[in-house]
Amino acid sequence: MSDTPRTDAAYFKPHATMYDLAGEMKLMERELNAVTKERDDAVFVTEKVLRDFSEHSRSHCKALDELIAANNRIKRLEDAGDALANNHNPFTFIDWRKAKEAKP
């Protein structure tokens, strides 16, 4: 079995001319160009999807970092409020506990 069956078929065709062979080569080149373009388009789309996914992942990570930072800040504020309420007026402590429990 040949590794170039179409070229061989055109070459060994009875009464084949160089024009027959050239015609078959042109046809194969057009097919190759079409497949190459399809591959290039697929690579472009794949790269775009990967870039978009990467950008989305970065923005997701940034949002997650901001959420963690906000939660840490809330925890620090609650701890500071607890410390202030424990050291002052007992009525302030009661008000602080009510305010702290009134989270949505």
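All chains use their own residue numbering, which begins from 1 and follows the written sequence. Where local features are concerned, this predicted model is filtered to residues with pLDDT of at least 70; where side-chain atom pairs are given and counted, the filter is 80 or more; whole-chain, interface and lining totals use all residues. Hydrogens and waters are ignored; side-chain quantities use all the structure's heavy atoms.

## Structural notes on the overall build of the chain
Selection criterion: The helix count covers DSSP runs of H or I at least four residues long, the strand count covers runs of E at least two residues long, and both are numbered beginning at the N terminus. All radius of gyration figures rest on C-alpha atoms, and the globule criterion is 2.2 Å times the number of residues raised to 0.38. Throughout, exposure labels follow a simple rule: accessible area from a 1.4 Å probe, protein chains only, divided by the maximum for the residue type, with under 20% read as buried, over 50% as exposed, and the rest as partly exposed. For every accessible area listed, the method is Shrake-Rupley and the probe measures 1.4 Å; residues are considered covered only by the protein chains on display. Residues scored as charged are limited to Lys and Arg (positive) and Asp and Glu (negative), so that His and the chain ends carry no count. Think of each charge as sitting on NZ of Lys, CZ of Arg, CG of Asp or CD of Glu.
In terms of helices and strands, the chain carries three helices and zero strands. Put simply, the chain runs from its N terminus to its C terminus through helices and strands in the order α-α-α. Its C-alpha atoms give the chain a radius of gyration of 36 Å, more than 25% over the compact-globule value 13 Å for 104 residues. Dimensions of the chain, computed from the C-alpha atoms along their principal axes, are close to 110 × 25 × 15 Å. Put simply, the chain has 104 residues, and 7% of those count as buried. When the accessible area of the chain is evaluated, it comes to approximately 9,200 Å², of which 63% is carbon and sulfur surface. One finds the centroid of the 17 positive side-chain charges in the chain at a distance of 8 Å from the centroid of its 19 negative side-chain charges.

## Overview of the pattern of salt bridges
Defined as follows: Salt bridge, as used here, is a side-chain nitrogen of Lys or Arg placed within 4 Å of a carboxyl oxygen of Asp or Glu.
Taken as a whole and assessed by the stated rule, the structure comprises seven salt bridges. The salt bridge involving Glu31 is made with Arg6; its shortest N-O contact spans 2.6 Å. Separated by 25 residues along the polypeptide, Glu31 in helix α2 (residues 18-86) and Arg6 in helix α1 (residues 5-11) bring together distant segments of the chain. Since its relative accessible area comes to 35%, Glu31 is described here as partly exposed. Classification of Arg6 by relative accessible area gives partly exposed; the value is 33%. Of the charged contacts in the structure, one is a salt bridge between Asp52 and Lys48, with a shortest N-O distance of 3.0 Å. Here Asp52 pairs with Lys48, and both are found in helix α2, just four residues apart, close to one helical turn.

## Concerning the confidence of the model for the chain
Selection rule: The quantity known as pLDDT measures the predictor's confidence residue by residue, on a range of 0 to 100.
Of the residues in the chain, 91% have a pLDDT of 70 or more, and the chain-wide mean is 81. Mean pLDDT across the elements of the chain ranges from a minimum in helix α3 (residues 90-101), with 70, to a maximum in α2, with 85.

## Some remarks on the environment of Ser54
Residue position: Ser54 is located in helix α2. The sequence separation of Ser54 and Asp41 amounts to 13 residues, and the corresponding C-alpha distance is 20 Å.

## Description of the environment of Arg6
The condition that has to hold: What makes two residues a contact is simply this: any of their non-hydrogen atoms within 4.5 Å.
In this structure, the C-alpha to C-alpha distance between Arg6 and Met25, residues 19 residues apart in sequence, is 8.9 Å. Once you skip the residues sitting within four places of it in the chain, Arg6 turns out to touch Glu24, Leu27, Met28 and Glu31.

## Digging into a nonpolar patch on the surface
Inclusion rule: Candidate patch residues must exceed 30% relative accessible area and have no salt bridge, after which like charges are joined if within 9 Å and Val, Leu, Ile, Met, Phe, Trp or Tyr side chains if within 5 Å.
Judged by side-chain polarity, Phe44, Val45 and Val49 come together as a nonpolar surface patch covering roughly 290 Å² of accessible area. Mapping Phe44 onto the fold places it in helix α2.

## Focus on the environment of Glu55
Considering the arrangement of structural elements, one finds Glu55 in helix α2. Of the residues examined, Glu55 reaches a relative accessible area of 45% and is grouped as partly exposed. Sequence separation between Glu55 and Asp20 is 35 residues, and the spatial gap between their C-alpha atoms is 52 Å.

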